[in-house]
Amino acid sequence: MKKSQDRTEKDRRFYRRAHRVFAPFFRFLFRIHVTGAEHIPASGACLVCANHVGAPDAIAIAAVLSRQVRYLAKKELFSIPLVGWICRRLGACPLDRGGGDVGAIRKTLALLAEGEVVSVFPQGHRYPGKNPKDTPIRSGAGLLALHAHCPVLPIAVCMKGQRYAPFRRVTLHIGAPILPERFEGCGEHGTESYRHASDLIFGEICRLGGFLSGAEKEGTV
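Worth saying up front: this structure is predicted, and the values here are computed from it rather than measured. (Residues numbered from 1 in each chain as written. Predicted model: local features only at pLDDT ≥ 70, side-chain atom pairs only at ≥ 80, totals over all residues. Heavy atoms only, no water.)

Asker: Could you give me a rundown of the nonpolar core, with the residues and numbers involved?
Answerer: By size, the foremost hydrophobic cluster in this structure holds 31 residues, and its most contacted members are L47, C49, V120, V152, F183 and I201. Here the element with the most residues in this core is helix α6 (residues 191-209); it accounts for eight residues. In contact with L47, not counting residues within four places along its chain, are L112, V118, V120, A141, L144, A145, C150, P151, V152 and L153. V48, V64, I155 and M159 belong to the second largest nonpolar core, which has 28 residues in total. (Core = buried A, V, L, I, M, F, W, Y, C linked by side-chain atoms within 4.5 Å. Buried < 20%, exposed > 50% of the residue type's maximum accessible area, 1.4 Å probe, protein only. Helix = DSSP H or I, 4+ residues; strand = E, 2+ residues; numbered from the N terminus. Contact = heavy atoms within 4.5 Å.)

Here you go:
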């Protein structure tokens, strides 16, 4: 246990050093602009959910949050020399995207139970150039929200054409945390409940990003 705790603390120090060095660079490279920064919880567990445009999403989000952000990353990355080492040192957790990864879900819930910040993308895949409201979403975010009983921080990732490019401005619209009681109407735990919770979360993300039509905005939960 002592060795595991030492490893965790070393990883935390590595993350803090990397954040101090690289976060300003990425904020400059992507011209990151943030609205709603006051909604970022200063402490306690938080499930961060955002639309998924491209690989830089994770970097952009981590660059504007002062707290360490834990991610679920596809397991294939961990087998790549250096990339896998970096993922582990930054606190990422491997995820099998081919099906339900019970181990990753348990690990994520354990991190949230310990008061960590964990980020997931409800869409599950990247959709560059697409309006998020027209893309499919998965039930994983809803499952985590219902089981973790912690605030969900919605973030809309927006840019011209919804495609990354060097020095193309990226705006992160951060909404007020969705508190656990907002999910009470989703029903008992189960596939439909998880889907309903994911719809609630992603609907808020789309509202923040201005991706919805007028009628859809009025109908947002």
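Asker: So what's going on with unusual backbone geometry? Which residues, and what values?
Answerer: Within the chain, H149 stands out as a residue other than glycine whose phi angle is a positive 55°. Residue placement: H149 occurs in the loop between α5 (140-148) and β6 (152-159). With relative accessibility at 56%, the residue H149 sits in the exposed group. The phi dihedral of F167 is positive, around 70°, even though this residue is not glycine.

Asker: Account for the sheet that holds β6, with residues named and values stated.
Answerer: Strand order in the open sheet formed by seven strands is β1-β7-β6-β2-β5-β3-β4, with mixed pairing between adjacent strands. Whereas interior strands pair on both sides, the edge strands pair on one side only; in this sheet they are β1 (32-35) and β4 (93-95). Neighbour-to-neighbour, the strand axes of this sheet turn through a mean angle of 25°, independent of strand direction. Examined bridge by bridge, β1 and strand β7 (residues 170-174) share four bridges and lie parallel to one another. Across the sheet, H33 pairs through a bridge with T171, a residue of β7. Its contacts with the sheet place helix α4 (residues 102-113) against β2 (46-50), β3 (69-74), β4 and β5 (117-120), and it is angled at close to 150° to β4. Lying over the sheet, α6 contacts β2, β6 and β7, oriented at roughly 40° with respect to β6. (Pairing = 2+ DSSP bridges. Axes fitted to C-alpha atoms, helices over the stretch in contact; angles between N-to-C directions.)

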